Amino acid sequence: MVLLRREMGDALRECRMGQRRTLRDISSIASVSLGYLSEVERGEKEASSELLASICAALELPLSELLSRVAVRAAIAERDGAPVALPLVSDVTTPLNVQASAA
């Protein structure tokens, strides 16, 4: 079963790590506790839309881009039943058109 909070957390973590930024950096800028941000990234907590907006602003990531990435991740996971790794946001210059490779 696909859990939206896990896909969201994975997408946020991939973006943060792709920018080589720390949890502490993002939590400070987003005014979110480090522990809570960590729980969001691990898919243990569901963030409110306001909190997601703050985190996205700290990451300089449009909320719409995060939601698009999560939708693609969820669709692939539903189809394949496996976790996916997508290109980093900084690597995407055109709208996402992701196809899972055959394993």
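This structure is a prediction, so every number in the text was calculated from the model and none was measured.

## So, the overall build of the protein chain
The secondary structure content of the protein chain amounts to 5 helices and 0 strands. Of the regular secondary structure in the protein chain, the N- to C-terminal order runs α-α-α-α-α. Residue burial in the protein chain is summarised as follows: out of 103 residues, 34% are buried. Long-range pairs, those at least 24 residues apart, make up 60% of the contacts in the protein chain with a sequence separation of at least 6. On the protein chain, roughly 6200 Å² of surface is accessible, and the fraction owed to carbon and sulfur atoms is 52%.

## Observations regarding helix α1 (residues 4-18)
With 15 residues, α1 extends 21 Å from end C-alpha to end C-alpha; this agrees with the ideal 21 Å at 1.5 Å per step. Those residues of α1 that sit buried are E7, M8, G9, A11, L12, E14, C15 and R16. Phi turns positive one or two residues past the end of α1, at R20, with a value near 55°.

## Looking at the pattern of salt bridges
Going through the model one piece at a time under the given rule, you end up with 11 salt bridges. Note that R73 is salt-bridged to E7, the shortest N-O span being 2.9 Å. Taken together, the positions of R73 in helix α5 (residues 63-80) and E7 in helix α1 put the pair 66 residues apart, joining distant regions of the chain. Of the two residues examined, R73 and E7, each falls in the buried class. In this structure, the salt-bridge partner of R13 is D10, at a minimum N-O distance of 3.2 Å. Taken together, the residues span about one helical turn, with R13 and D10 both in helix α1 at a distance of 3 residues. On the basis of relative accessibility, which here comes to 23%, the residue R13 falls in the partly exposed class. Exposure remark for D10: the relative accessible area of 25% places this residue in the partly exposed category. When salt bridges with common partners are traced through the structure, they connect E7, D10, R13, E14, R16, E41, R69 and R73 into a single cluster.

## Here's the deal with the confidence of the model for the protein chain
Confidence along the protein chain averages 85 in pLDDT terms, with 79% of residues attaining 70 or more. Note that pLDDT drops below 50 for residues 91-103; the model gives that stretch 12 contacts with residues more than four away or on any other chain.

## Considering the packing of α1 against α5
At a minimum axis distance of 9 Å, the contact between α1 and α5 shows a crossing angle of 125°. Relative to α5, the element α1 lies oblique. α1 and α5 meet at a crossing whose hand is right-handed. The segment α1 lies against α5, with L4, E7, M8, D10, A11, L12 and E14 engaging L66, L67, R69, V70, R73, A74 and A77. Looking at the contact of α1 with α5 residue by residue, the class counts come to 9 nonpolar, no polar and 5 charged.

Quick notes on the rules
Residues numbered from 1 in each chain as written. Predicted model: local features only at pLDDT ≥ 70, side-chain atom pairs only at ≥ 80, totals over all residues. Heavy atoms only, no water. Helix = DSSP H or I, 4+ residues; strand = E, 2+ residues; numbered from the N terminus. Buried < 20%, exposed > 50% of the residue type's maximum accessible area, 1.4 Å probe, protein only. Contact = heavy atoms within 4.5 Å. Areas by Shrake-Rupley, 256 points an atom, 1.4 Å probe, with all protein chains shown as cover. Expected span 1.5 Å × (residues − 1). Salt bridge = Lys/Arg side-chain N within 4 Å of Asp/Glu carboxyl O. pLDDT = per-residue confidence, 0-100. Axes fitted to C-alpha atoms, helices over the stretch in contact; angles between N-to-C directions. Parallel < 35°, antiparallel > 145°, perpendicular 65-115°, else oblique. Left-handed = near helix turned anticlockwise from the far one by under 90°. Nonpolar A, V, L, I, M, F, W, Y, C, P; charged D, E, K, R; others polar.

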